[in-house]
Amino acid sequence: MQISRITLGITCIAALAVSACSSDESGSAAVTETEFVVAESVTATTLAPTTTIAKLTFPDATSAAGALSTEGPCALLTAAEIAAATGDEPTYSSVVRKTECRWQPSANDPTPIVDVETEAKTADEFETEKTLYGDPTRPAPNLGSDSFIGALDQAAYWLQGGTMYKVWIQVDLADDKKEKAAIELAEAAAGRVG
């Protein structure tokens, strides 16, 4: 009898998870090539039916390769900038979950070179991120209204206009070179956000 109650509980939890994952988001606005949606930072209990979604628009990145996306966060960096900072030139990039761009050596090689992630954050939420993930012993670049270097990943994080940006170097480089590349690319990306 005990096993069937546990099985029933697991089945109910799984059904709820599937139901939540497959829910339809009808009524959402279309997103164009150079826009991506950044949801306001709210909890489910405080989300009013009239809450609007903010859109950030970035300029198109210029690139000779046709396989490099210039949509959303992919417009924040160019292949040439990534190659200069990391020594690896991407020929393929893609938008992941509308809030992240991943640059790869090619469409057939999914090994990331660089990721740029974006997320809506208040100043207090950003401060919490800095406390959890920042390294107080390493100086951060002067980006946005606040910034820090990740303690474990040598990524550059910054807050600009209510959005937290993260440039994460994923190629195999020494930590000091990763940090230098992250800062260099973060400065280029921050200059395109406005």
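Below is a short write-up of the structure. Bear in mind that the values here come from a model prediction, so they are computed numbers and not experimental data. Starting from 1, residues in each chain are numbered consecutively following that chain's sequence as written. Residue-level local features of this predicted model are given only where pLDDT is at least 70; pairs of side-chain atoms are given and counted only at 80 or more, and the full residue set underlies all totals for whole chains, interfaces and linings. The basis for every side-chain value is the complete set of heavy atoms in the structure, and neither hydrogens nor water enter the calculation.

Observations regarding the sheet that holds strand E7 (residues 156-160)
The pairing of strands in a sheet comes from backbone hydrogen bonds and takes either a parallel or an antiparallel form.
Next, step 1: When DSSP locates at least two bridges between a pair of strands, those strands are taken to pair. A run of H or I in DSSP counts as a helix once it spans at least four residues, and a run of E counts as a strand once it spans at least two, with each numbered from the N terminus. The strand order across the open sheet formed by six strands is E3-E4-E5-E8-E7-E6, and the pairing between neighbours is antiparallel. On the outer flanks of this sheet lie strand E3 (92-96) and strand E6 (146-149), each paired with one strand and no other. Sheet twist, expressed as the mean angle between neighbouring strand axes with direction ignored, is 15 degrees.
Next, step 2: Two elements, E3 and strand E4 (residues 100-104), share five bridges in a ladder whose sense is antiparallel. Bridge pairing in E4 places Ser94 opposite Arg102.
Next, step 3: Most of the contacts of helix H3 (residues 123-133) go to E6, to which it runs at about 15 degrees, and overall it touches strand E5 (114-120), E6, E7 and strand E8 (163-169). Only the contacting stretch of a helix is used when fitting its axis, a line to C-alpha atoms as for every element, and angles between N-to-C directions run 0 to 180 degrees. Whether two residues are in contact is decided by their heavy atoms, any of which lying within 4.5 Å being enough.

Some words on the nonpolar core
Next, step 1: Counting 28 residues, the largest nonpolar core has Leu77, Trp103, Val114, Trp158, Val167, Ile169 and Leu185 as its most contacted members.
Next, step 2: When residues of this core are traced back to their parent elements, those giving at least two are helix H2 (79-86), E4, E5, E7, E8 and helix H4 (175-190).
Next, step 3: Of the residues forming this core, the biggest block, seven residues, is contributed by H4.
Next, step 4: Contact partners of Val114, with chain neighbours within four places excluded, come to Leu77, Ile82, Thr86, Cys101, Arg102, Trp103, Val167, Trp168, Ile169, Gln170 and Leu185.
Next, step 5: Only buried residues count toward a nonpolar core. Its members are Ala, Val, Leu, Ile, Met, Phe, Trp, Tyr and Cys residues joined through side-chain atoms within 4.5 Å. Accessibility here uses a 1.4 Å probe with only protein chains present; expressed as a share of the type maximum, an area under 20% marks a residue as buried, one over 50% as exposed, and anything in between as partly exposed. Judged by nonpolar contacts, the second largest core, of six residues, contains Phe126, Ala155, Tyr157 and Leu159.

So, the pairing of E5
Next, step 1: With five of its seven residues buried, E5 lies for the most part within the structure.
Next, step 2: Sheet analysis places E5 next to E8, joined by seven bridges and oriented antiparallel. Its bridge partner being in E8, Glu119 is matched across the sheet by Met164.

Looking at unusual backbone geometry
Next, step 1: The phi dihedral of Arg97 falls on the positive side, at around 55 degrees, and the residue is not glycine.
Next, step 2: Unusually for a residue other than glycine, Gln154 sits at a positive phi of about 55 degrees.
Next, step 3: Inspection of the secondary structure puts Gln154 in the loop between E6 and E7.

Remarks on the state of the cysteines
Next, step 1: In this description, the term disulfide denotes a pair of cysteine sulfurs within 2.5 Å. The tally for this structure, following the rule as stated, stands at one disulfide.
Next, step 2: With a sulfur-sulfur separation of 1.9 Å, Cys74 is cross-linked through a disulfide to Cys101. Classification of the bridge connecting Cys74 and Cys101 rests on its S-S torsion, roughly 95 degrees, and on that basis the disulfide is right-handed. With a gap of 27 residues between them, Cys74 in the loop between strand E2 (54-57) and H2 and Cys101 in strand E4 connect regions that are remote in the sequence.
Next, step 3: Of the residues examined, Cys74 reaches a relative accessible area of 0% and is grouped as buried.
Next, step 4: Residue Cys101 is classed as buried on the basis of its relative accessible area, which comes to 0%.

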